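# Fold and contact review
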Amino acid sequence: MMRKNIWHNILKTTAVRKARIVVFVIAGATLTLASCADDDGPAAGPRQTVRLLVSVPAQTLSASQHRMGDPGEAVPEAADWDRLTVIMAYTDGSQVMKTTITKADFDKLPAYNGNAGIKFFSIEALPGTVRIYGVTYSSGVSGADELAREIDACRSDDAVQALTISNDYAQGDASAVAKFVSVATGYYKAKGDSPADFVIQPGGTGAVGTIPTMTLTRLATKIDVQWDVADAVDKGYTDIRLTDFSFHGKTRGRLFPDVSVSSFTPGADRTWTFTNTTPVSQRNGRQYHYTFTDGQTRPTITFNISGKQDGTSDISGDYTMAFQSALQTATWYKVNATVRGMTAGTNTSISIFN
């Protein structure tokens, strides 16, 4: 006898607030910020001051700012980071400069034109053509030391573009989610979406007519899974339960996943399993998962459904939802899974159009 499987899934893709840090770059300014800097390669010759105007997102998001249409509770929006690193990679391969400032020192920087949300940040750099990148993160959490070492080890622009971050970042911290979503990255763009060249002129003669900008956006992606399971008594199925589901991704994401790099190879596979231990949670519930994408991997979500057939036989099956493209950064993916019955002894794969 043919058993009918009734399975309905809906995917909504809603971009979260793209919390951002905007950096305006001005060559030839005079203010210098004392910071921790690292230079690789030749250090001869007079340095020029590259002055940045850094705009950070609001510390918190008020209830009145909650966007209409958000598919759930808001992501914690507090700026829970304490390190900002600006990276200048010289296109001639001579060196990579890294300048790191604490958030406490950042907060003390002078404001631009009376605007407390935009502050001056200056770096002493050698003349040359550079590409400029930035990242915020939290020191002292799991994965932070590894991230700092990886940044420090960069000796070329290609190495910077291939930088990775652990998907176990901040695991075990009391504010793990807030710290995870407060990692922000970006790079200077002139036209289009690719990293652009910025020329640091000798003698402070760099043109400043059009102020270049670098925007750092939240790196994390939010996967929001909601399920609703019901018996299909008229089909002979009872006690239908979603006992667990798993998100299949990678151990590491990239700091700049929008940039294509030939030297990058996706890391090891990783599975995160969410187990429903109570009868109520096995019938319906909601679970959030935050991840860093590598810009290439197409993750999947596997649901384990069990129940009884004709009131006696225990049956179970795996149902997999597969994303058809790599995840985007700073994006909220809402997956609704509604189960009305099942097909005994079969596994089913369903495409998610994201």
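A brief structural summary.

## Quick word on the overall build of the protein
Along the protein, the regular secondary structure elements total 5 helices and 22 strands. Burial analysis of the protein (354 residues in total) assigns 49% to the buried set. Once local pairs closer than 6 in sequence are excluded, the contacts in the protein between residues at least 24 apart make up 80%. Total accessible area on the protein is roughly 15700 Å²; 50% of this is exposed by carbon and sulfur atoms.

## Re the packing of aromatic side chains
Working definition: an aromatic ring pair is given by the centre-to-centre distance plus the angle between the planes. Throughout the structure, instances matching the rule amount to 13 aromatic pairs. On the basis of an interplanar angle of 65° and a centroid distance of 6.3 Å, the ring pair of Tyr 169 and Phe 292 is categorised as edge-to-face. Within this pair, whereas Tyr 169 is found in the loop between strand 10 (164–166) and helix 4 (176–181), its partner Phe 292 is found in the loop between strand 18 (284–291) and strand 19 (300–309), the two being separated by 123 residues in sequence. Residue Tyr 169 shares its accessibility class with Phe 292, and that shared class is buried. Among the aromatic side chains, those forming a connected cluster through ring pairs are Trp 227, Phe 245, Phe 274 and Phe 303.

## Focus: empty space enclosed by the protein
Remark: the empty space left among the atoms is shown by a probe the size of a water molecule rolled over them. For the structure on display, the rule yields 4 cavities of 30 Å³ or more. Put simply, the second largest cavity is a space of about 90 Å³. In this structure, the second largest cavity is lined by 13 residues; those nearest its centre are Gly 249, Lys 250, Thr 291, Phe 292 and Thr 293. When residues of the lining of the second largest cavity are assigned to their parent elements, the largest contribution, 3 residues, is made by strand 15 (residues 237–250). Its residues placed into classes, the lining of the second largest cavity shows 5 nonpolar, 5 polar and 3 charged.

## Brief notes about the layout of surface pockets
Here the largest pocket defines a volume of roughly 390 Å³. Breaking the lining of the largest pocket down by element, the ones donating at least two residues are strand 11 (184–189) and strand 13 (213–218). Sorting elements by how many residues they give to the lining of the largest pocket places strand 13 first, with 5 residues. For the lining of the largest pocket, the per-class residue count stands at 7 nonpolar, 7 polar and 6 charged.

## A few points about the nonpolar core
Where a protein is soluble and globular, its nonpolar side chains tend to be buried together. Of all hydrophobic cores here, the largest spans 30 residues; its most connected members are Val 160, Leu 163, Ile 165, Tyr 169, Leu 255, Phe 256 and Phe 292. Among the secondary structure elements, those contributing two or more residues to this core are strand 5 (83–90), strand 9 (128–137), helix 2 (144–152) and helix 4. Counting residues in each nonpolar core, the second largest holds 25 residues, with Phe 106, Ile 123, Ala 184 and Phe 198 among its members.

## Digging into the side chain of Asp 157
Mapped onto the fold, Asp 157 is located in helix 3 (residues 157–161). Not counting chain neighbours up to four residues away, the residues in contact with Asp 157 comprise Ala 89, Arg 131 and Tyr 133.

## Some words on unusual backbone geometry
The phi angle at Asp 239 is positive, at roughly 55°, despite the residue not being glycine. Relative to the assigned elements, Asp 239 resides in strand 15. In this structure Asp 239 comes out as partly exposed when scored by relative accessible area, which is 31%. A positive phi angle, close to 50°, is found at Ala 330, a residue other than glycine. Tracing the backbone through its elements, the reader meets Ala 330 in the loop between strand 20 (313–323) and strand 21 (331–340).

## Focus on the environment of Leu 53
You can see Leu 53 is positioned in strand 4 (residues 48–55). We classify Leu 53 as buried; its relative accessible area is 3%. Along the chain, Leu 53 and Met 214 lie 161 residues apart, while their C-alpha atoms are 9.6 Å from each other.

What counts, and where the lines are drawn
- Residues numbered from 1 in each chain as written.
- Predicted model: local features only at pLDDT ≥ 70, side-chain atom pairs only at ≥ 80, totals over all residues.
- Heavy atoms only, no water.
- Helix = DSSP H or I, 4+ residues; strand = E, 2+ residues; numbered from the N terminus.
- Buried < 20%, exposed > 50% of the residue type's maximum accessible area, 1.4 Å probe, protein only.
- Contact = heavy atoms within 4.5 Å.
- Areas by Shrake-Rupley, 256 points an atom, 1.4 Å probe, with all protein chains shown as cover.
- Phe/Tyr/Trp six-rings, centres within 6.5 Å; stacked < 30°, edge-to-face > 60°.
- 1 Å grid on protein atoms, 1.4 Å probe; cavity = no way out; pocket = protein on both sides within 12 Å on 5 of 7 lines; lining within 4 Å.
- Points joined across faces, edges and corners; volume = space filled by probe spheres on them.
- Nonpolar A, V, L, I, M, F, W, Y, C, P; charged D, E, K, R; others polar.
- Core = buried A, V, L, I, M, F, W, Y, C linked by side-chain atoms within 4.5 Å.

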